[in-house]
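Summary of the model geometry
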Amino acid sequence: MDERIAQHLDRAAATASAYAAVPGRDRQGSVARVGSAHHAKTLGLTVSKVYEPTGLFDRRYEPSLSVVLRGRKRSIVGDDDQVWGRERFIITPVDLPVVAGVVDAAGEDGFVAVVWRLDPAVVGEVVASMTAPAGVAAAVAPGSSPSGAVSSLPRLGSWTAPLADAFARLVGLLDAPEDIPVLFPLVSREIVLRLLQTEQAPRITAALDGTGPSVVAGATALLTGRMAEGWSMERLARELRVSESTLFARFKEATGMTPAQYLKRTRLGEARRRMVVHGDTAARAAAVVGFRSASHFSRDYREAYGRPPAADAVVVRAQLALATAV
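Residues numbered from 1 in each chain as written. Predicted model: local features only at pLDDT ≥ 70, side-chain atom pairs only at ≥ 80, totals over all residues. Heavy atoms only, no water.

**Details of the overall build of the chain**
A tally of regular secondary structure across the chain gives 14 helices and 11 strands. Relative to its 326 residues, the chain shows a buried fraction of 47%. Sequence separation of 24 or more characterises 73% of the internal contacts of the chain that already satisfy a separation of 6 or more. (Helix = DSSP H or I, 4+ residues; strand = E, 2+ residues; numbered from the N terminus. Buried < 20%, exposed > 50% of the residue type's maximum accessible area, 1.4 Å probe, protein only. Contact = heavy atoms within 4.5 Å.)

Next up, the structure:
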């Protein structure tokens, strides 16, 4: 990693670690600073810290920038399975179901990660203000088309020094809450600009139509909010008033999944949640989320999580109980 990038991320890690202090575990004060939760929310930041590897849990990510500052985690989106650390970052341009967990807790220092919520309005504003078209950097990447759409865009982004610097300054505002009203609007736009200057630009712009929300966001809202319904590509495109080919291409660019894969992952994640949290039977959970066949549900579930539904629910419930106790 470039020395400048490493220095910026070290700075961010030190600040984030302090604000994610775990009571009874951290040596430096052992308690997050007063008002930190409020300031983090204002900045759109979610800071997490753990001292042990975790199991794989289903999570839903809103449009966001995800950064690991210490340790390593595993993230599964559709068929893409990655183990990554601070050398990369992940852009989530639309609401996305992810299976993720910590695989390396970085010893005594603890695993530290930050998720920053991307405001689609700010992204659209920055895109509209750029003198050079967004996606110029990605347009010359291998596998890209002349329009800048990337057919095989890596899901993990690569840091640049300006991006790492801007991100460190964003996290640093936790130490200067009095500066947030003035500096946050500026640094947030700078981070979006720096992201649009990386190879991940097409993933960000794929979630926009011009300067507004895209058909991708509309599709994810329908599939998430009405997951139990029977969806086909034809019906989804008709509801969104767009051609099937356009919907498929934009959806795959933005999420890395087809609409069918997205729907299956969303259903499986919700079924798992219902079994773990509410104690639903596998049959009940499968029916509620839209599976018409119990055998298909069991097959897809085992393929996704490595265990039969009922057995997996017992394991995950125990893992959550242990994590809460720690």
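**Thoughts on the sheet that holds strand β2 (residues 57–61)**
Ordered in space as β2-β7-β4-β5, the four strands form an open sheet in which the pairing is antiparallel. The open sheet has two edge strands with one neighbour each: β2 and β5 (80–84). Shown here is a sheet whose adjacent strand axes are inclined to one another by a mean of 30 degrees, direction ignored. Examined bridge by bridge, strand β4 (residues 72–77) and β5 share five bridges and lie antiparallel to one another. (Pairing = 2+ DSSP bridges. Axes fitted to C-alpha atoms, helices over the stretch in contact; angles between N-to-C directions.)

**A short note on the pattern of salt bridges**
For side chains of opposite charge, pairing can occur when their charged atoms come near one another. In total, this model carries 22 salt bridges according to the counting rule given. For D95, the salt bridge is made with R60, and the minimal N-O distance between the two is 2.8 Å. Note that D95 is positioned in the loop between β6 (88–92) and β7 (96–104) and R60 in strand β2, a separation of 35 residues in sequence. Given a relative accessible area of 37%, R60 falls into the partly exposed group. (Salt bridge = Lys/Arg side-chain N within 4 Å of Asp/Glu carboxyl O.)

**Topic: the sheet that holds strand β1 (residues 45–50)**
Strands belonging to one sheet form pairs held by backbone hydrogen bonds; the direction of such a pair is parallel or antiparallel. Ordered by their spatial adjacency, five strands build an open sheet running β1-β8-β3-β6-β9, and the pairing between neighbours is antiparallel. Looking at which strands have only one partner, the edges of the open sheet turn out to be β1 and β9 (156–158). With direction set aside, neighbouring strand axes in the sheet form an average angle of 30 degrees. As judged from the four bridges shared by strand β3 (residues 64–70) and β6, these two strands associate in the antiparallel manner. Note on β6: the bridge partner recorded for L65 is I91. On the sheet, helix α1 (residues 3–19) packs against β1, β3 and β8 (111–117) and is oriented at approximately 90 degrees with respect to β3.

**Thoughts on the environment of A221**
Mapped onto the fold, A221 is located in helix α8 (residues 215–225). On the basis of relative accessibility, which here comes to 49%, the residue A221 falls in the partly exposed class. Taking C-alpha positions, A221 is 7.9 Å from D95, a pair spaced 126 residues apart along the chain.

**Observations regarding helix α5 (residues 161–172)**
With 12 residues, α5 should reach 16 Å at 1.5 Å per residue; the first-to-last C-alpha distance of 16 Å fits that figure. The set of residues buried in α5 consists of A161, L163, A164, A166, F167, A168, L170 and V171. By the N-cap criterion, in which a side-chain oxygen at the helix start approaches the backbone nitrogen of a residue two or three places on, α5 is capped by T160, the distance to L163 being 3.2 Å. (Expected span 1.5 Å × (residues − 1). Polar contact = N/O pair within 3.5 Å; in protein donor to acceptor, adjacent residues only side chain to side chain.)

**Overview of the packing of aromatic side chains**
In total, this model carries six aromatic pairs according to the counting rule given. Between the aromatic rings of F89 and W159, the centroid separation amounts to 5.2 Å while the plane-to-plane angle is 65 degrees, which identifies the pairing as edge-to-face. Placement of the pair is F89 in strand β6 and W159 in the loop between β9 and α5, with a sequence separation of 70 residues. Across the pair, W159 and F89 agree in class, each one buried. On the basis of an interplanar angle of 90 degrees and a centroid distance of 5.4 Å, the ring pair of F251 and Y262 is categorised as edge-to-face. Taken together, the residues F251 in helix α10 (residues 244–255) and Y262 in helix α11 (residues 259–278) connect sequence positions 11 residues apart. By the burial criterion, F251 is buried, and Y262 matches it. Taken together, the ring pairs connect F291, F297, Y301 and Y305 into an aromatic cluster. (Phe/Tyr/Trp six-rings, centres within 6.5 Å; stacked < 30°, edge-to-face > 60°.)

**Details of the side chain of D300**
Within the secondary structure layout, D300 lies in helix α13 (residues 294–305). Within the local environment of D300, its side chain forms a polar contact with the side chain of R299, the two groups lying 3.2 Å apart. Leaving out residues up to four positions away in the same chain, D300 has contacts with K264, L268 and F291.

**Re unusual backbone geometry**
The backbone of A106 sits at a positive phi, close to 65 degrees, despite the residue not being glycine. Among the structural elements, A106 can be located in the loop between β7 and β8. Residue R241 is not a glycine yet carries a positive backbone phi of 60 degrees. As for its placement among the helices and strands, R241 is situated in the loop between α9 (233–240) and α10.

**What about the packing of α8 against α11?**
It is the contact of α8 with α11, at a shortest axis distance of 10 Å, that shows an interaxial angle of 35 degrees. By crossing handedness, the relation of α8 to α11 is classed as right-handed. Residues T220, L223 and T224 of α8 lie in contact with α11, whose contacting residues are P259, Y262, L263 and T266. (Left-handed = near helix turned anticlockwise from the far one by under 90°.)

**Details of the pairing of β4**
Across five bridges, β4 lies against β7 in antiparallel orientation. Bridging across to β7, R74 finds its partner in G101. Here β4 folds back onto β5 in antiparallel fashion, the turn holding two residues, of which G78 has a positive phi close to 60 degrees.

Keep in mind these values describe shape, not function.
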